[in-house]
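Okay, here's what each chain looks like letter by letter:
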Amino acid sequence: MSKHNIQVGVLTLGMVATNCYFVFDADKIDENGKKHVIVFDPADAGKRIFDELSKNNLVVDLILLTHGHFDHIMGIPELKELSGAKVGCYEKEAAICSDPHLNLSVSFGTNFGIKPDITYKDGDIIEAAGLSCKLIATPGHTSGGCCYYFEDDNVLMSGDTLFEESVGRTDFPTSSTSELVRSIREKLFALSDETIVYPGHGDITTIGHEKEYNPYA
């Protein structure tokens, strides 16, 4: 049984309907009556995310990225400035975050890049907001793409690695179809069937459902 009352909120934002998630323990309230969250992939609307969270007495402790594509990172400068939270990603994705060609922002008319404050290794345990999650390297959609697994709570932030009955595109710089399939089969499908998957786009699913119905993996 989980030791947390984990809650996952979502704001779907931007030109390609990117899911920005915020995760918190509903039972943990600080001395100011606020709850603390980890934000995943703040899309392109940092101020809107900050305002929505603040309105609900939620404080951003950490911003984590599943990968560095523009539609997942453009909200970072505003959210970071307003919240004071640091930004973390898998060490092999830092270069993509900062390169407008690799993060695809240049294709949409802007030279955008960010430099993460913290980089993690595959398997690192990340603790913030009273929660603990593990970084799972899942290259394929990008060479440094990753997922974040809240093992105690059967929750997976899958970014653009795994979608409901689909997978992330592999026609971008640093993408690899074979790596993506291997990441899903060897790493994600090794998780509990009950694990709830929160993808970067589209609806939530479960590992068990994807094992049975995902035609790509």
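The structure reproduced in this document is the subject of the present report.

Basis of the calculations
- Residues numbered from 1 in each chain as written.
- Predicted model: local features only at pLDDT ≥ 70, side-chain atom pairs only at ≥ 80, totals over all residues.
- Heavy atoms only, no water.
- Helix = DSSP H or I, 4+ residues; strand = E, 2+ residues; numbered from the N terminus.
- Rg over C-alpha atoms; globule rule 2.2 N^0.38 Å.
- Buried < 20%, exposed > 50% of the residue type's maximum accessible area, 1.4 Å probe, protein only.
- Contact = heavy atoms within 4.5 Å.
- Areas by Shrake-Rupley, 256 points an atom, 1.4 Å probe, with all protein chains shown as cover.
- Pairing = 2+ DSSP bridges.
- Axes fitted to C-alpha atoms, helices over the stretch in contact; angles between N-to-C directions.
- Phe/Tyr/Trp six-rings, centres within 6.5 Å; stacked < 30°, edge-to-face > 60°.

### Considering the overall build of the protein chain
Next, step 1: Assigned secondary structure in the protein chain consists of six helices and 14 strands.
Next, step 2: In terms of overall size, the protein chain behaves like a compact globule, its C-alpha atoms giving a radius of gyration of 16 Å where 217 residues would be expected to give roughly 17 Å.
Next, step 3: Within the span of the protein chain, comprising 217 residues, buried residues form 52% of the whole.
Next, step 4: Counting only contacts in the protein chain whose residues sit at least 6 apart along the sequence, the fraction spanning at least 24 positions is 60%.
Next, step 5: A total accessible area of about 9,700 Å² is found for the protein chain, and carbon and sulfur atoms account for 48% of it.

### Remarks on the sheet that holds strand β2 (residues 18-25)
Next, step 1: In spatial order, the strands read β1-β2-β3-β4-β5-β6; together these six strands make up an open sheet with mixed pairing. Strands at the two margins of the open sheet, each flanked by one partner only, are β1 (6-13) and β6 (118-120). Between one strand axis and the next, the sheet turns through 30° on average, direction left out of account.
Next, step 2: Across three bridges, the pairing between strand β4 (residues 58-64) and strand β5 (residues 86-90) is parallel. Within β5, the residue paired with Leu-62 across the bridge is Lys-86.
Next, step 3: Contacts from helix α1 (residues 46-55) reach β1, β2, β3 (35-40) and β4 within the one sheet, and its direction differs from that of β1 by about 145°.
Next, step 4: Relative to β4, helix α3 (residues 76-83) is tilted by about 135°, and along the sheet it contacts β3, β4 and β5.

### Observations regarding the sheet that holds strand β10 (residues 155-159)
Next, step 1: Reading across the sheet, the six strands line up as β7-β8-β9-β10-β13-β14 and stay open at both edges, with mixed pairing between neighbours. If you trace the sheet from one side to the other, it starts and ends with β7 (125-128) and β14 (205-206), each paired once.
Next, step 2: Judged from the four bridges that link them, β10 and strand β13 (residues 196-199) form a sheet pairing that is parallel. Bridge pairing in β13 links Leu-156 to Val-197.

### Points about the packing of aromatic side chains
Next, step 1: Counted according to the given criterion, the structure contains five aromatic pairs.
Next, step 2: An angle of 80° between the planes, with centres 5.4 Å apart, marks the rings of Tyr-21 and Tyr-198 as edge-to-face. With Tyr-21 in strand β2 and Tyr-198 in strand β13, this residue pair connects regions lying 177 residues apart in the sequence.
Next, step 3: For Tyr-198, a relative accessible area of 13% corresponds to the buried category.
Next, step 4: Seen in terms of ring centroids, Phe-40 and Phe-150 are 6.1 Å apart; in terms of plane orientation they differ by 75°. Their pairing is edge-to-face. A residue pair is termed long-range when its members are at least 10 positions apart, and Phe-40 in strand β3 and Phe-150 in strand β9 (residues 146-150) qualify at 110 residues. Just as Phe-40 is buried, Phe-150 falls in that class too.
Next, step 5: In textbook terms, an aromatic cluster arises when at least three aromatic residues are bridged by ring pairs, as seen for Phe-40, Tyr-148 and Phe-150.

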